[in-house]
Amino acid sequence: MNHRCNRWLALRLKINPLHLVLSATIFCVISFAWGFMVSAAPMPEIQRRGYLNIAVKDNLRPLGFRDTEGNLQGLEIDLAKRLASDLLGKPDAVKLQPVANRDRLSVVLDKKVDLAIARVTATESRARIVSLSFPYYYDGAVIVTKDASVSQLSDLENRKIAVIKNSSTIAQVRYYVPKAKLVGVNSYREGRSLTENNTVVAFAADASVITGWVQEYPQYRILPTKLSTEPLSVVMPKGLQYDQLRRQVNQAIAQYTAEGWLTERAKYWGLPLISP
């Protein structure tokens, strides 16, 4: 077992390192035992049929969204297509299946897709029911504003900041801006509405989502300070029969990271680079 790798990932995800196992020779992934059968196509079956089924987002710019012609675009779409090309040797060897947030794990568990690349943050609870790949992007909470008087976190003292109700971002904002007045919202749309009509001066949420917002509404700016770091991973099935699939996905992501391809694609899509 690669103890050094296990300790690193355990520190990043706050997971007991004894729960981690080696999934490739140059890195490790999260793996927890669970008491029910997980379903998805093993690699030999995928090779026989000639394509991967991958769940993606189609409404989350710039990770996965539809362009003006209806084509799927984004960092996660690029990753899905390259994985399919490298694993199966054909650039078009993939079927992309748009998925709702609530179904990102269940579509893998229910054998509806082979993988999900749909802005899934690696967490201990998720790692109990699915396998999570080596991170392909580090997301994190940021603060966005259109108020010209706000250029740094200290400018937000005693001012109203919108946050998603019951999100981990609440604690992060309270840590960095303890005197700010937090206003809970139920959605990103509500957060933008309150910011747009000046009910709040800023909105704190995930960088991967806020980046798309800023690209669509350029009057907004993301403050330079990142409030947190959260790894995004490919969702893969558990079970020994899927070991080859997991190993090849992880080896590919490790290669893309080492050669700088993932960093280049993140920059291309305007995503902020958050250090692990």
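Reading guide: rules and limits
Residues numbered from 1 in each chain as written. Predicted model: local features only at pLDDT ≥ 70, side-chain atom pairs only at ≥ 80, totals over all residues. Heavy atoms only, no water. Salt bridge = Lys/Arg side-chain N within 4 Å of Asp/Glu carboxyl O. Helix = DSSP H or I, 4+ residues; strand = E, 2+ residues; numbered from the N terminus. Buried < 20%, exposed > 50% of the residue type's maximum accessible area, 1.4 Å probe, protein only. Core = buried A, V, L, I, M, F, W, Y, C linked by side-chain atoms within 4.5 Å. Contact = heavy atoms within 4.5 Å.

Caption draft 1: Representation of the pattern of salt bridges within the structure. Going through the model one piece at a time under the given rule, you end up with 12 salt bridges. Where Asp114 meets Arg49, a salt bridge forms, and the shortest distance between an N and an O atom there is 2.1 Å. Here Asp114, found in the loop between helix H4 (106-109) and strand E6 (115-117), pairs with Arg49, found in helix H2 (residues 43-49); they are 65 residues apart in sequence, far enough to count as distant. On the basis of relative accessibility, which here comes to 2%, the residue Asp114 falls in the buried class. According to the relative accessible area criterion, Arg49 is partly exposed, its value standing at 28%. Bridged by salt links that share partners, the residues Asp78, Glu264 and Arg265 form one connected network.

Caption draft 2: Region of interest: the nonpolar core. Formed by 40 residues in total, the largest nonpolar core has its most connected members in Ile54, Leu79, Leu87, Tyr136, Val234 and Val249. Looking at this core, the elements with two or more residues in it are H2, strand E1 (52-56), helix H3 (75-88), strand E5 (94-98), E6, helix H9 (243-258) and helix H10 (261-268). Here this core takes eight residues from H3, the largest share from any one element. Look past the residues within four positions of Leu87 in its chain and what remains in contact with it is Met43, Leu52, Leu245, Gln248, Val249 and Ala252.

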